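If you want the building blocks of each chain, they are given just below.
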Amino acid sequence: MVWNNSVSFGRPSRSSKARPDARLIAGTLAVGLLLFGTRWASHISVGPIYLADLLLLGAVVNEILASTAVRRPTLRHIVWPPLTLVLLLVWVAIRFAVGGVSAASIRDAAPYFYAIVGLLSWHSARRADAAVRARTFTFLFWVLGLHACWFVFVTFVPSVVQFFPVISAVQGVRLFTPRPDMDVAVLGMFTALILLKIFRSNQRRLGWIVAYAVCWVAAAASPSRAGVLGAVTANLVVMLLIFVRLRATKTQLVLAAAVPLAAILFAAILPTTPAGTKFLAAVFPTAATDSSGYSEWGENTAKARSDSWARLNEWTLAEDPSRAILGAGYGPDILAESGALWLLVSAESGGAAVPRSPHNYWVGTLARNGIIGTALVILPIVVFLVRAYRARGRLLDDPLSLMVVIIAVSLILPATFGVVLESPFGAVPFFWALGVGFSTMGKPPHPPDAPTTQRSLHLPTRRSPRRSGW
C-alpha cells in the first residue's frame, strides 16, 4: 500500500489492481461494528444470534468461497506465525470437549475461540492487494472517528443516554451506553492516528489539533484508569515511530518542543480527573485526597482486585498441581470456587450481574487454561510484538500495519485491569489485528507494480511539502 504525497486516508495507487472478490479484509465489518459501539454493539442481536457473530460467520463463508480460486499456501507460509493461533485453538477445543458443553462453558471458552478470527484475517490479508488493504484502513479509520464523536458527546452530556432504547435489560445496556475501559482505549486508537496526521499534514492541522485535544479531555473525564493507560500506550507508540523517522521542519520542531510541555501539563491535570484520582489512589494512597469520592473508590477497587488476584493465583497454582498445569477449564465459576469473588465484589455466588472474570485477563487465563494454555495465549502476542518491532522502520509507510499495531497495544493494558479480552468487543478486534499483522508486517507495503522510485509516507519536509491528506 503506497502513501505518496497526494494520498488521502490510504487511497490506493492507480497502478494497483483491486481483486473483485474481496473489497475488505475478512472480518472487517464485525471489527468495525465492535470498535464503533464496543459493549452496546456486542449486544445487538438478530434473534438468538448476535450481529457481530453473524457478520463473522458471513466473513468465513465468503472467505471460503473466495479462496477456491486462490493458489494454496505453501508450508513455509502456513507454519509460522499463524501456527501459534492454531495451537491455541487446538488447546481450547480439547479443554472445552473435556469439560462438557453448557451455557457457562460456551461463555467461558468463546473469548479464546475468537482466535479463529485471527486465522481468518491472516488468510484474507495474505491475498489482499494494495486497494483492499487501503480500503480496510479507510473504513476502520472513519469507524474510529464515528466512535469518538458519540463517546465524546455522551461523556459531556451523560444524561442523554437514558433516552436511547434498551439493548440488554439484564446488563442494563442502552444504545450508546459507554464502557469506559474499552471506549477510552478505542478513543486512544483514534487519537494516535490523529497525532500522526498532526505531524504529517500541512493542511487542516489546526482542526486535527482541536480534535486531538477534545478527545483527550473526554478521555481524562473518564473514571477508567485502564482505558487511559491503553490510550496513552497507543499514542506513545506512534510518537516514538514519528521521532525515529522525523525530518524536522520549523513547524515540526515547534510541535516536538510542545510534546514534553503538553506531557507536563497532562501530568499536572490528570490527578484532578476521575481516572487520574483513582490511579493516584491506587499507586500512592496517602497522596490522593479529594471530596468527590474517587480517591477512596480508586484505593478500594485496586485493593479488592489485587487481593482477589492473589487468592485466585493461590487457588490455581498451590492447591492442585493438575489445575496449575491444565487449568480449571471452562464452565466452573473460578471466582466463586476459589473465594476470590467475595474479595472482588463481596458476593459468595455468581449470577447474571456478577462477574465471572477477575478483571485481569492473564490471571483469569491462568486459572482456566493452566500454565500450558496461558503460554499458548501469550505466544501469538509475543510473536506479533516481535514482528512489529522488527518492522518498526516500515510501519509509517504501511497504514494498515500501523493501525493493527495500535489496536493490539491499546488493548493489552485495559485487558490487564478490566474485562476486555474476555468479551467479544475486545477479543474480536484484538485477534483480528494479530492475524492481519502476521500477514502485512511480513512483507513490504508496496504492491509489486508500484513504482520503486517513489518513497511513501515521509514526514513532510521543506523539499517535499504535503499537498493533502495525511
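Note that this is a predicted model, so its numbers are computed, not measured. Numbering of residues starts from 1 in each chain and follows the order in which that chain's sequence is written. Restriction of local features to residues with pLDDT of at least 70 applies here, the model being predicted, together with a cutoff of 80 or more for giving and counting side-chain atom pairs; totals for whole chains, interfaces and linings are based on all residues. Side-chain metrics in this entry use all non-hydrogen atoms of the structure; hydrogen atoms and water are not considered.

J.: How would you summarise the overall build of the protein chain if you had to cite specific residues and measurements?
T.: In terms of regular secondary structure, the protein chain is built from 19 helices and 4 strands. Sorting the 470 residues of the protein chain into buried and exposed places 53% on the buried side. Contacts between residues were defined by any pair of non-hydrogen atoms, one from each residue, lying within 4.5 Å. Restricting to contacts in the protein chain with at least 6 residues of sequence separation, those with at least 24 account for 78%. If you sum the accessible surface of the protein chain, you get close to 20700 Å²; carbon and sulfur atoms cover 67% of it. Helix and strand definitions follow DSSP, with helices as H or I runs of at least four residues and strands as E runs of at least two, each counted in order from the N terminus. Throughout this description, buried means an accessible area under 20% of the type-specific maximum (1.4 Å probe, protein chains only), exposed means over 50%, and partly exposed covers the range between. With residues, only the protein chains shown are counted as cover, and all accessible areas are computed by Shrake-Rupley using a 1.4 Å probe.

J.: Tell me about the confidence of the model for the protein chain, and name the residues and values.
T.: Scored by pLDDT, the protein chain has a mean of 79; 73% of the residues are at 70 or more. What pLDDT expresses is the predictor's confidence in each residue, scored from 0 to 100. Per-element confidence in the protein chain is highest for helix H1 (residues 28–42), whose mean pLDDT is 96, and lowest for helix H3 (residues 75–79), whose mean pLDDT is 50. The low-confidence segment residues 1–21 (pLDDT under 50) makes 73 contacts with residues lying over four places distant or belonging to another chain. For residues 282–299, every residue scores under 50 in pLDDT, and the model assigns this stretch 25 contacts once sequence neighbours within four places are set aside.

J.: Any chance you could break down unusual backbone geometry for me, citing the residues and the numbers?
T.: Positioned with a positive phi, Thr38 is a non-glycine residue whose angle comes to about 45 degrees. Inspection of the secondary structure puts Thr38 in helix H1. Look at Phe176: it is not a glycine, yet its phi comes out positive at around 70 degrees. By the element assignment, Phe176 lies in the loop between strand E4 (173–174) and helix H8 (180–200).

J.: Could you give an account of a nonpolar patch on the surface, naming the residues involved and the relevant values?
T.: Every patch collects residues that have over 30% relative accessible area and no salt bridge, joining them within 9 Å if they carry like charges and within 5 Å if they are nonpolar side chains (Val, Leu, Ile, Met, Phe, Trp, Tyr). In the sections that follow, a salt bridge refers to a side-chain nitrogen of Lys or Arg positioned within 4 Å of a carboxyl oxygen of Asp or Glu. On the surface, Phe153, Phe156, Val157, Leu206, Ile209, Val210, Val214 and Val217 cluster together into a nonpolar patch covering about 680 Å² of accessible area. Contributions of two or more residues to the nonpolar patch are made by helix H7 (130–156) and helix H9 (205–220). The leading source of residues in the nonpolar patch is H9, at 5 residues. Along the polypeptide, Phe156 turns up in helix H7. Given a relative accessible area of 44%, Phe156 falls into the partly exposed group.

J.: Account for the environment of Asp398, with residues named and values stated.
T.: Note on placement: Asp398 falls in the loop between helix H17 (361–390) and helix H18 (399–417). Here Asp398 falls in the buried class, since its relative accessible area comes to 3%. The sequence separation of Asp398 and Arg133 amounts to 265 residues, and the corresponding C-alpha distance is 9.4 Å.

J.: I'd like a description of helix H6 (residues 115–126), backed by residues and values.
T.: In this model, H6 (12 residues) spans 17 Å end to end at C-alpha, consistent with the 16 Å of a helix rising 1.5 Å per residue. Buried within H6 we find Ala115, Val117, Gly118, Leu120, Ser121, Trp122, Ser124 and Ala125. An expected span of 1.5 Å times one less than the residue number is assigned to each helix.

J.: Please give an account of the environment of Tyr330 that cites residues and values.
T.: Here Tyr330 shows up in the loop between helix H14 (321–326) and helix H15 (334–338). Given the relative accessible area of 3%, Tyr330 is considered buried. Residues Tyr330 and Gly100, spaced 230 residues apart in sequence, show a C-alpha to C-alpha distance of 8.4 Å. Not counting chain neighbours up to four residues away, the residues in contact with Tyr330 comprise Val92, Arg95, Phe96, Ser105, Asp108, Ala109, Tyr112, Arg368 and Asn369. A polar contact of 2.5 Å, which involves the side chain of Tyr330, links it to the side chain of Asn369. Side-chain atoms alone can form a polar contact between residues adjacent in sequence; in general such a contact is a pair of N or O atoms within 3.5 Å, and within protein one must be able to donate a hydrogen while the other accepts it.

J.: Lay out the pattern of salt bridges in plain terms, naming residues and giving numbers.
T.: The full count for this structure, using the stated rule, is 8 salt bridges. As a salt-bridge pair, Arg127 and Glu63 come within 3.0 Å of each other at their nearest N and O atoms. Residue Arg127 is found in the loop between H6 and H7, and its partner Glu63 is found in helix H2 (residues 51–66); the two are separated by 64 residues along the sequence. For the residue pair Arg127 and Glu63, the accessibility class agrees, reading buried in each case. A salt bridge links Arg179 to Asp181; its shortest N-O distance comes to 2.9 Å. The same class applies to Arg179 and to Asp181, which are both buried. Look at the salt bridges and you will find they share partners, linking Arg311, Glu314, Glu319 and Arg323 into a network.

J.: Outline the environment of Asp183, supporting the account with residue identities and numerical values.
T.: Take Asp183: it is sitting in helix H8. Residue Asp183 is classed as buried on the basis of its relative accessible area, which comes to 0%. Once the C-alpha coordinates of Asp183 and Gly227 are considered, the two residues, 44 residues apart in sequence, prove to be 7.2 Å apart. Setting aside chain neighbours within four positions, we find Asp183 in contact with Thr38, His147, Trp150, Phe151, Thr177 and Pro178.

J.: Let's hear about the packing of helix H4 (residues 83–99) against helix H5 (residues 103–113): which residues, and what values?
T.: Put simply, H4 and H5 touch, their axes get as near as 10 Å, and they point 170 degrees apart. By the angle between their axes, H4 is roughly antiparallel relative to H5. Mapping the contact onto sequence places Leu89, Val92, Ala93 and Phe96 in H4 and Ser105, Ile106, Ala109, Tyr112 and Phe113 in H5. Residue classes follow a fixed rule: Ala, Val, Leu, Ile, Met, Phe, Trp, Tyr, Cys and Pro count as nonpolar, while Asp, Glu, Lys and Arg count as charged, and any other residue, Gly among them, counts as polar. Tallied by class, residues from the contact of H4 with H5 come to 8 nonpolar, 1 polar and no charged. Angles shown run from 0 to 180 degrees and are taken between the N-to-C directions of axes, each axis being a line fitted to C-alpha atoms and, for helices, limited to the stretch in contact. The labels follow the angle: roughly parallel below 35 degrees, roughly antiparallel above 145, roughly perpendicular from 65 to 115, and oblique for the rest.

J.: Can you break down the packing of H7 against H9 residue by residue, with the values?
T.: Contact pair H7 / H9: the axes reach a minimum separation of 10 Å and the direction vectors enclose 55 degrees. Comparing their axes, H9 and H7 come out oblique. In this structure, H7 crosses over H9, and the sense of that crossing is left-handed. Mapping the contact onto sequence places Phe141, Ala148, Val152, Thr155 and Phe156 in H7 and Trp208, Val214, Cys215, Val217 and Ala218 in H9. Crossing handedness is defined as follows: a turn of the near helix away from the far one that is anticlockwise and smaller than a right angle gives a left-handed crossing, while the clockwise case is right-handed.

J.: Now, about the nonpolar core: what can you tell me, with residues and values included?
T.: Counting residues in hydrophobic clusters, the biggest one holds 101 residues, and the most contacted among them are Leu35, Phe431 and Trp432. Top element by residues in this core is H8. It accounts for 14 residues. Those residues in contact with Trp432 that sit more than four places away from it in its chain are Ile25, Ala26, Gly27, Thr28, Val31, Val117, Gly118, Ser121, Thr136, Leu140, Leu400 and Val404. Grouped together as the second largest cluster of nonpolar side chains are 11 residues, Trp315, Ile334, Leu335 and Leu341 included. In this description, a nonpolar core means a group of buried Ala, Val, Leu, Ile, Met, Phe, Trp, Tyr and Cys residues linked to one another through side-chain atoms lying within 4.5 Å.

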